[in-house]
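Structure assessment
So the chains spell out like this:
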Amino acid sequence: MFKPLRLLIPLALALTLSACAGGAQRLDAAGDVHTLLTAIRDGDEATFDRHVDRQALRAQIEARIAAETARAGGSDEMRALGALLGPAIAKAASEQLVRPQVFRGVAEYYGYDASQPLPGRVAIAGSLKALDDGRVCATREKDGPCLLIFTQTEGIWRLSGFEGDIDMLRR
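The structure presented is a predicted model; accordingly, all values stated were derived computationally and were not measured.

With respect to the overall build of the protein chain
Within the protein chain, the secondary structure is distributed over six helices and four strands. N-terminal to C-terminal, the α/β element order of the protein chain is α-α-α-α-α-α-β-β-β-β. Split into buried and exposed, the 171 residues of the protein chain put 33% on the buried side. A separation threshold of at least 6 residues defines the contact pool for the protein chain, and within that pool the share at least 24 residues apart is 62%. Of the roughly 10,300 Å² of accessible surface on the protein chain, 59% is carried by carbon and sulfur atoms.

Looking at the environment of Arg 140
Among the structural elements, Arg 140 can be located in the loop between strand 2 (136-139) and strand 3 (146-153). Sequence spacing of Arg 140 and Gly 111 is 29 residues, and the spatial spacing of their C-alpha atoms is 8.8 Å. Once residues within four sequence positions are removed from consideration, Arg 140 is found in contact with Tyr 109 and Tyr 110.

A short note on the pairing of strand 2
Here strand 2 shows no split at all, with Val 136 and Ala 138 on one side and Cys 137 and Thr 139 on the other all buried. By the bridge criterion, three bridges tie strand 1 (residues 128-130) to strand 2 in an arrangement that is antiparallel. If you follow Lys 129 over to strand 2, its bridge partner there is Cys 137. Pairing analysis gives four bridges linking strand 2 to strand 3, with the strands arranged antiparallel.

Notes on the pattern of salt bridges
Counted by the stated rule, this structure contains three salt bridges. Asp 42 is the salt-bridge partner of Arg 41, the closest N and O atoms lying 2.8 Å from each other. Taking relative accessible area as the criterion, Arg 41 reaches 31% and is therefore assigned partly exposed. The salt bridge involving Asp 49 is made with Arg 54; its shortest N-O contact spans 2.6 Å. Since its relative accessible area comes to 19%, Arg 54 is described here as buried.

Some words on the nonpolar core
Phe 103, Leu 148 and Phe 150 are the most contacted members of the largest nonpolar core, which totals 32 residues. In terms of residue count, the dominant contributor to this core is helix 1 (residues 2-42) (seven residues). When near neighbours in sequence (up to four residues on either side) are disregarded, Leu 148 contacts Phe 103, Val 106, Tyr 110, Val 136, Cys 137, Ala 138, Leu 159, Gly 161 and Phe 162.

Cut-offs applied
Throughout, a residue's number is its position along its own chain's written sequence, starting from 1. Whole-chain, interface and lining totals are the exception, using all residues; otherwise, since this is a predicted model, local features are given only for residues with pLDDT of at least 70 and side-chain atom pairs are given and counted only at 80 or more. Based on all heavy atoms of the structure, the side-chain values leave hydrogens and waters out of the count. Secondary structure elements are taken from DSSP: a helix is a run of H or I of four residues or more, a strand is a run of E of two residues or more, and numbering for both begins at the N terminus. Categorising residues by exposure relies on relative accessible area from a 1.4 Å probe, with only protein chains included: less than 20% of the type maximum marks a residue as buried, more than 50% marks it as exposed, and the intermediate range marks it as partly exposed. Every residue pair with non-hydrogen atoms within 4.5 Å of one another is taken to be in contact. The method behind every accessible area is Shrake-Rupley, applied with a 1.4 Å probe, and residues are considered shielded solely by the protein chains displayed. If DSSP finds at least two bridges between two strands, the strands pair. Salt-bridge detection follows one rule: a side-chain nitrogen of Lys or Arg within 4 Å of a carboxyl oxygen of Asp or Glu. As used in this record, nonpolar core signifies buried Ala, Val, Leu, Ile, Met, Phe, Trp, Tyr and Cys residues forming a set joined through side-chain atoms within 4.5 Å.

Okay, structure coming up:
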């Protein structure tokens, strides 16, 4: 009778430690996310750049723009032209999109208004979700889909992916 209970105790302990690790990871990331939000609010390019993995973010945005271009309807000639020019257009667009002013709209989508104080680290941690691969993502709702992906590199959590609608990046 006690044997099943002895098996459940290590399992419960492992699950508890796993939840704590995810919570600590989210809280750690929340400090850098707060710094990024402050840079976005203030238009601080230098701080924004330190908290964004531009290479990863640009590559991801370029791939999404190129995929949308390829999916666009039209004649075979138009699709071929899109395939030829798509990567160059996507690269130019991503250069313009990875800027604090552009991500201000994304922050506003989350409910962050420049006229209001930014939420604290604990509140931000509550909107982050730990991913299985060690990254964290920001969601608008507790169990909602990921919108922003953050990866820790060189001790800093950096914005490395954008899963929202590309239209959100319009100024």
